[in-house]
Amino acid sequence: MRRATIRTQAKQELIDITPQVERAVREAGVQEGICTVFVPHTTAGITINENADPSVKEDLAALLERLVPPGLHYRHAEGNSPAHIKASLVGSSVQVPVSGGRLQLGTWQGIIFCEFDGPRSREVWISVHS
Amino acid sequence: MRRATIRTQAKQELIDITPQVERAVREAGVQEGICTVFVPHTTAGITINENADPSVKEDLAALLERLVPPGLHYRHAEGNSPAHIKASLVGSSVQVPVSGGRLQLGTWQGIIFCEFDGPRSREVWISVHS
Amino acid sequence: MRRATIRTQAKQELIDITPQVERAVREAGVQEGICTVFVPHTTAGITINENADPSVKEDLAALLERLVPPGLHYRHAEGNSPAHIKASLVGSSVQVPVSGGRLQLGTWQGIIFCEFDGPRSREVWISVHS
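Quantities reported herein were computed from a predicted structural model and do not represent experimental measurements.

Parameters and conventions
- Residues numbered from 1 in each chain as written.
- Chains lettered and ligands numbered in written order.
- Predicted model: local features only at pLDDT ≥ 70, side-chain atom pairs only at ≥ 80, totals over all residues.
- Heavy atoms only, no water.
- Contact = heavy atoms within 4.5 Å.
- Buried area = accessible area lost by both parts, 1.4 Å probe.
- Salt bridge = Lys/Arg side-chain N within 4 Å of Asp/Glu carboxyl O.
- Least-squares fit on C-alpha atoms with pLDDT ≥ 70 in both.
- Pairing = 2+ DSSP bridges.
- Helix = DSSP H or I, 4+ residues; strand = E, 2+ residues; numbered from the N terminus.
- Axes fitted to C-alpha atoms, helices over the stretch in contact; angles between N-to-C directions.
- Disulfide = S-S within 2.5 Å.
- Buried < 20%, exposed > 50% of the residue type's maximum accessible area, 1.4 Å probe, protein only.
- Polar contact = N/O pair within 3.5 Å; in protein donor to acceptor, adjacent residues only side chain to side chain.
- Nonpolar A, V, L, I, M, F, W, Y, C, P; charged D, E, K, R; others polar.

1. As for the interface of chain C and chain A
Item 1. Each side of the interface is counted separately: chain C has 28 residues, and chain A has 27 residues.
Item 2. Between chain C and chain A lies a buried interface of about 2300 Å² when both sides are counted; carbon and sulfur atoms form 59% of it.
Item 3. Summed over the shared surface of chain C and chain A, the result is one salt bridge.
Item 4. Between E58 of chain C and R75 of chain A there is a salt bridge, and its shortest N-O distance comes to 3.0 Å.

Okay, structure coming up:
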């Protein structure tokens, strides 16, 4: 398992981390298998989506804000319940095939770390197994 | 890793692909492990749900349309932002246990490919690892 | 693959099952790998989120009820369409790294079984692979 650190800059921020994951896959040296990228936080998540046009990430962030608005009556006293809920909607891990020693994503896909309660220093844990 | 092709027929269409995945698991010859079905697209996703009554798929499609309506002000210029967002809500892969060389699903479960921006020719990538 | 049984007590109930998963990982004896927890039901799901403050689970349950309200016109005749849809929103499995023979969760993370159509006797299927 490899750890990568992500420094987020805003309350809600979607960040392409494909290069870091590709590097971890190369270092792991597994030829055929699956790469799991796991987020060990409860107010951040991870998803796969288009990275080429940054407006896709903006639309996803705006829609999540619409689905889980800040103004509702939440019980959790820390005030970050929307971040927890968004984390469960997008999920805490992604799985991507590895073939020929390389991460196999579709043409338009990128691995997107989803900060929902930043700015913070965050981690992802990357495992490659055959 | 095995590839299966899916020909979708509508803008939004939820399709049971369990038979294709079961075939790939048999061909892989792995007795005990996990099967990962990965969608290499950013406007389609994959989920597990009831397949016996097709109205479950219709209700899921209608609710996703309600959560991510077409008429909002999206920035992404291609006009298919709702499809991208729905893909992140349902997710890009599913994982299913394999035991005795066979895919292990619950009684009512099927693996459902979710087209959100069709009709198109699509792929899923199926990996079985022990 | 190990099976654990969960007895749910309410229509909608989010239950921390981390101790059961940790036990299965210890019994599996795998030192480095990935643990997959799979829900073989179509009206229940699984997610990872904060367990320390139970109000996070309550807020997540309430928000899912808001996103998928019971009063809409659903086609599925059994009356539990919202439960099916919530299952697809949170997902049917989680993946967690295993290192040093132990489940590797973040400080605040717990594995949360999501009952959406209880009370029932439910199962999770736990696989650990290296």
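After presenting the structure, the write-up continues.
2. Section: the relation of the copies chain B and chain C
The operation relating the two chain copies consists of a rotation about an axis and a shift along that axis.
Item 1. Each copy of the sequence occupies a distinct position, and chain B is placed on chain C by a rotation of 120° and an axial shift of 0.0 Å, giving an RMSD of 0.0 Å. Taken together, the rotation and translation describe the operation of a three-fold axis. Among all residues of chain B, the minimum C-alpha distance to the rotation axis is found for L89 of chain B, at 3.6 Å.
Item 2. Interface overlap between copies is the fraction of interface residues in one copy that are interface residues in the other; for chain B against chain C it is only 18%, indicating separate surfaces.

3. Some thoughts on the sheet that holds strand β4 (residues 44-50) of chain B
Residue and element names in this part refer to chain B.
Item 1. Strand order in the open sheet formed by three strands is β2-β7-β4, and the pairing between neighbours is antiparallel. At either margin of the open sheet sits one strand with a lone partner, and together these are β2 (13-16) and β4. Neighbour-to-neighbour, the strand axes of this sheet turn through a mean angle of 30°, independent of strand direction.
Item 2. Bridge analysis of β2 against strand β7 (residues 109-115) gives four bridges, and the strand direction is antiparallel. If you follow L14 over to β7, its bridge partner there is C114.

4. Some words on the state of the cysteines
Residues and elements named next belong to chain B.
Item 1. On inspection of all chains with the given rule, the structure shows zero disulfides over all chains.
Item 2. Of the cysteine sulfurs around C35, a residue in no disulfide, the closest is that of C114, at 16 Å.
Item 3. Look at C35 and you get buried, because its relative accessible area is 0%.

5. As for the environment of S99 of chain A
Residues and elements named next belong to chain A.
Item 1. Within the secondary structure, S99 sits in strand β5 (residues 93-99).
Item 2. Taking the C-alpha atoms as reference points, S99 and Q31, 68 residues apart in sequence, are found 5.7 Å from one another.
Item 3. Apart from residues no more than four positions distant in its own chain, S99 is found in contact with Q31, E32 and Q104.
Item 4. At a separation of 3.0 Å, a polar atom in the side chain of S99 contacts the side chain of E32.

6. Quick word on the interface of chain B and chain C
Many analyses report the size of an interface as the accessible area lost when the parts associate.
Item 1. Counting residues at the interface gives 28 residues for chain B, matched by 27 residues for chain C.
Item 2. Buried surface at the junction of chain B and chain C, summed over both partners, amounts to about 2300 Å²; 59% is from carbon and sulfur atoms.
Item 3. Counting the contacts that link chain B with chain C gives one salt bridge.
Item 4. Within the residue set of the side of chain B that touches chain C, elements represented by two or more residues are β4, α2 (54-67), α3 (81-90) and β5 (93-99) of chain B.
Item 5. Each residue belonging to the side of chain B that touches chain C can be placed in one class, and the counts come to 13 nonpolar, ten polar and five charged.

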